[in-house]
Structure formats: C-alpha cells, structure tokens
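Inside the fold
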Amino acid sequence: DEKPRLVNSRKSIVRIGLMQWQMRMFSHFDQLVEQVEYFVDAVSDYQSDFILFPEFFNAPLMAEFNHLDPPGAIRGLAGYTERLRDKLSDMAVSYYVNIISGSMPMLLDDGKLYNVGFLCRRDGSVEIYEKIHITPSEVSSWGMVGGNRVRVFDTDCGKIGIIICYDVEFPELGRILADQGMKILFVPFLTDTQNGYTRVRRCAQARAIENECYVAISGCVGNLPHVNNMDITFAQSAVFTPSDFAFPTNGIKAEATPNTEMITIADVDLDLLRELNEYGSVRNLKDRRKDLYTVKLNNEN
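Structural notes, computed from the coordinates. All chains use their own residue numbering, which begins from 1 and follows the written sequence. Residues qualify for local features only when their pLDDT is at least 70, as the model is predicted, and side-chain atom pairs are given and counted only at 80 or more; totals for whole chains, interfaces and linings, by contrast, use all residues. The side-chain numbers reported here are obtained from all heavy atoms of the structure, hydrogens and water having been left aside.

Focus: the sheet that holds strand 14 (residues 252–255)
Paired through their backbone hydrogen bonds, the strands of a sheet run either parallel or antiparallel. Cut-off, in case you're wondering: Strands are labelled as partners when DSSP assigns at least two bridges between them. Put simply, DSSP H or I for four residues or longer makes a helix, DSSP E for two residues or longer makes a strand, and each gets a number counted from the N terminus. Angles here are taken between N-to-C directions and fall from 0 to 180 degrees, while the axes themselves are lines fitted to C-alpha atoms, restricted in helices to the stretch in contact. Contact criterion: two residues are considered in contact whenever any of their non-hydrogen atoms come within 4.5 Å of each other.
An order of 7-8-9-10-13-14 is seen for the six strands of this open sheet, with the pairing classed as mixed. A strand with exactly one partner marks an edge of an open sheet, and here the two such strands are strand 7 (153–155) and strand 14. Each adjacent strand pair in this sheet contributes to an overall mean axis angle of 20°, direction not counted. Each of strand 9 (184–188), strand 10 (214–218), strand 13 (238–240) and strand 14 is contacted by helix 6 (residues 194–211), which is oriented at about 160° to strand 10, the strand it contacts most.

Laid out in structure tokens, this is it:
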C-alpha cells in the first residue's frame with residue numbers, strides 16, 4: 001500500500017543547523033557514530049528543525065580500505081552506508097530534528113555505484129536522494145554514475161530541495177525544484193581547493209536569487225592523510241538569501257568561520273519569500289518569459 005504523504009505544515013520561521021565537519025580518523029564505525037550523535041544532540045538543543053551534514057563526511061572510514069585501489073576503497077566505504085542511514089534515522093526521532101545526511105557512496109539495485117544521501121525525518125520516515133551530476137574525478141577514480149530523480153521533499157516545515165555539491169552548478173535543477181514548490185534548498189558539498197569552493201558558493205548564491213528561496217550549504221574541513229583522494233578539504237558553510245530589502249544586503253543570513261569545525265544556526269522566514277514573490281523589487285519567478293523558453297524534466301517519474 002502507498003504510504004500517506006507527509007503534510008506540509010504552515011510554518012513561518014524555520015531553524016537550520018549546519019554541521020561544518022572536521023575530517024579526522026576514527027578507529028571504528030561506532031566512534032564516528034558517536035561523533036555524529038554529539039553534534040545532532042547539540043543542534044537539537046537549539047530546537048532546530050534541520051541539521052545538514054556535508055558530502056562524504058564519513059570518508060574517514062575509508063582508511064580501512066586504503067590498501068585497495070580507489071574503486072575498491074569507495075565500495076568498501078559503501079558497505080557502511082545502510083548502517084549509517086539507520087543510525088541517523090534513529091537520531092532524527094530521538095532528538096526530534098530532521099537530518100539531511102550529506103552524502104555517501106551506495107550500490108543500488110542495478111549494481112552501480114551512486115553518490116546518495118538521506119532525508120531522515122523526525123517522524124521516522126526516510127527518503128533517498130541521488131547526486132545527478134557526477135564530477136569527472138568521481139567517474140575516473142571511483143566509477144560512479146549519476147542519479148535520475150529530481151524532486152522536492154515534503155517535510156513538517158514545507159517543501160525542500162536537496163542537491164549534492166556539483167549539482168548546484170547547474171541552474172536547471174534549482175529552477176525545476178522551485179517550480180515544484182521548494183522554499184529551502186540544501187546543498188551538502190565537499191571541495192578540496194578554494195577554487196572548487198568558490199564555484200559552489202557563487203552558484204548557491206545565484207540559486208537563492210533566481211529561485212526566490214533560501215540555500216544552505218555545508219562542507220567538510222581539514223585533512224585525511226591516510227585516505228587516498230581525500231587528502232585536503234576547504235569549506236565555509238553558509239545560508240544564503242534572495243537579494244531584496246527584506247533580506248541582508250549581502251544575501252548572507254549566516255556563515256561559518258572558514259576551515260574550522262563548528263555548528264552554525266540560522267532562522268529563515270518563509271513568509272518573507274511569499275512577500276518577495278508578490279511584491280519584490282524584482283520578481284524572478286513571475287517575470288520569466290515562458291512564451292520564449294521553458295525548463296522542464298524530460299522524465300516526470
């Protein structure tokens with residue numbers, strides 16, 4: 001039987017917690033879970049509605065497989081994904097916070113390796129999302145493939161979108177999600193250099209303006225000397241807003257200190273988005289020339 005859809009509640013103020021995660025070595029899986037739970041507990045103490053983890057934040061567990069070639073090592077890491085998903089789901093219920101799990105590798109039923117994450121709702125339900133655009137290095141080093149599902153997710157704070165890192169550099173995805181009712185776009189990322197981070201940041205800010213939504217990005221910091229392909233990381237997590245009188249003049253609601261492990265908490269007001277859509281100085285969604293162009297999914301399933 002089809003499960004009933006979670007009804008979107010009418011909520012104005014939504015509190016977001018960003019986890020800027022320090023890469024560190026863990027001797028075993030439970031030690032990583034203990035660190036994750038510490039931060040979930042801390043964010044929940046502030047009555048947050050969401051906590052966002054970064055892309056591949058569980059990469060330290062790959063040290064166990066560092067003797068293998070890169071495709072073998074990443075598939076070894078994928079062996080932990082379902083266990084970590086279940087732990088995060090339990091935490092979402094226990095600490096009453098919606099957890100966006102960043103991303104992690106997973107072998108799906110077709111036998112191919114994907115970069116996926118999970119929306120673990122605080123009501124106990126879990127949904128998967130897939131990275132659509134795989135970077136050249138993810139293809140060449142690990143043999144990953146891109147997903148095929150672009151959709152919003154219903155939550156108790158309204159409709160949200162989740163895309164992973166490189167995906168934010170493709171404006172079509174944000175526009176499709178906006179047309180599906182998305183008000184907050186979550187972007188877990190992992191970048192090694194400031195060049196890569198700049199691409200993610202600037203594109204995330206553009207998505208906030210053009211789609212009249214909030215965009216939250218969260219990344220990893222620090223180094224992993226004993227994990228191939230994960231040597232260094234750079235991040236400055238942030239929450240971006242549209243650019244109009246009701247929002248910060250620089251379009252930044254909150255941002256973390258660069259390259260430092262920390263939690264960033266920000267409140268976003270969904271009512272301001274509704275007012276912007278109707279009365280903004282510019283109205284990017286309303287003023288589109290649909291008589292000239294459209295952006296749509298080729299496969300609606």
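So much for the structure itself; the text now carries on.
Quick word on the state of the cysteines
As a reminder of what qualifies: Any two cysteine sulfur atoms lying within 2.5 Å of each other are counted as a disulfide. A simple rule labels every residue: compare its accessible area, found with a 1.4 Å probe on the protein chains alone, to the largest value its type can have, and call it buried under 20%, exposed over 50%, or partly exposed in between.
Applying the stated criterion across every chain yields a total of zero disulfides. Here Cys 213 is not disulfide-linked; the sulfur of Cys 203 is the nearest cysteine sulfur, at 13 Å. Relative accessible area serves as the criterion here: at 0%, Cys 213 is assigned to the buried category. Left unpaired, Cys 220 is separated from the closest cysteine sulfur, that of Cys 165, by 10 Å. A residue is classified by how much of its surface remains accessible, and Cys 220, at 1% relative accessible area, is buried.

Quick look at the environment of Met 144
Position of Met 144 relative to the elements: it lies in the loop between helix 4 (136–142) and strand 7. Met 144 gets classed as buried once you look at its relative accessible area, which sits at 3%. Put simply, Met 144 and Met 106 are 38 residues apart on the chain and 9.5 Å apart in space, counted from C-alpha to C-alpha. Here Met 144 is in contact with Phe 56, Ile 74, Pro 105, Leu 113, Tyr 114, Asn 115, Ile 134, Glu 138 and Val 139, once residues within four sequence places are set aside.

Describing the packing of helix 5 (residues 171–179) against helix 6
Under the convention used in this document: The sense of a crossing depends on the near helix, which, turned anticlockwise from the far helix by less than a right angle, makes the crossing left-handed and, turned clockwise, makes it right-handed. By the convention adopted, Pro, Cys, Tyr, Trp, Phe, Met, Ile, Leu, Val and Ala count as nonpolar, Lys, Arg, Asp and Glu as charged, and the other residues, Gly among them, as polar.
Relative to each other, helix 5 and helix 6 sit at 35°, their axes nearing to 10 Å. Every pair of crossing elements has a handedness; the one defined by helix 5 and helix 6 is right-handed. Contact residues: helix 5 offers Pro 171, Gly 174, Arg 175 and Ala 178, while helix 6 offers Arg 207, Glu 210 and Asn 211. Looking at the contact of helix 5 with helix 6, its residues break down into two nonpolar, two polar and three charged.

With respect to empty space enclosed by the protein
Here is the rule we go by: Put plainly, a pocket is an open set of points on a 1 Å grid over the protein atoms alone with protein on both sides within 12 Å along at least five of seven lines, a cavity is a set where a 1.4 Å probe fits but cannot get out, and a lining residue has an atom within 4 Å of a point. Grid points are joined across faces, edges and corners, and a volume is the space filled by probe spheres set on the points.
Taken as a whole and judged by the stated rule, the model has two cavities of 30 Å³ or more. Along its surface, the largest cavity is lined by Ile 128, Tyr 129, Glu 130, Ile 132, Arg 149, Val 150, Arg 151, Phe 153, Ile 162, Ile 163 and Asp 167. Top contributing element to the lining of the largest cavity by residue count: strand 6 (residues 126–130), with three residues. For the lining of the largest cavity, the class distribution of residues is seven nonpolar, no polar and four charged. Put simply, the second largest cavity is a space of about 40 Å³. Lining the second largest cavity we find Met 62, Phe 65, Asn 66, Leu 68, Pro 70, Ala 73, Trp 142, Asn 228 and Asn 229. Taken together, the residues of the lining of the second largest cavity break down into six nonpolar, three polar and no charged.

Things to note about unusual backbone geometry
Phi is positive for Tyr 96, close to 50°, though the residue is something other than glycine. Accessibility expressed as a relative area gives 54% for Tyr 96, which makes it exposed. Here the phi dihedral of Glu 212 falls at roughly 50°; this positive angle occurs in a residue that is not glycine. Tracing the sequence through the fold places Glu 212 in the loop between helix 6 and strand 10. Glu 212 sits in the buried class, given a relative accessible area of 4%.

A word on the pattern of salt bridges
Which entries qualify depends on this criterion: Whenever Lys or Arg places a side-chain nitrogen within 4 Å of a carboxyl oxygen from Asp or Glu, that contact is recorded as a salt bridge.
According to the stated counting rule, one finds 20 salt bridges in the structure shown. Between Asp 49 and Arg 122 there is a salt bridge, and its shortest N-O distance comes to 2.8 Å. In this pair, Asp 49 is assigned in the loop between helix 1 (29–44) and strand 2 (50–52) and Arg 122 in the loop between strand 5 (113–120) and strand 6, connecting sequence segments 73 residues apart. Of the charged contacts, one joins Glu 169 and Arg 199 as a salt bridge, the two residues approaching to 3.7 Å between their closest N and O atoms. Of this pair, Glu 169 sits in the loop between strand 8 (158–162) and helix 5 while Arg 199 sits in helix 6, and the two are 30 residues apart along the sequence. Since its relative accessible area comes to 46%, Arg 199 is described here as partly exposed.

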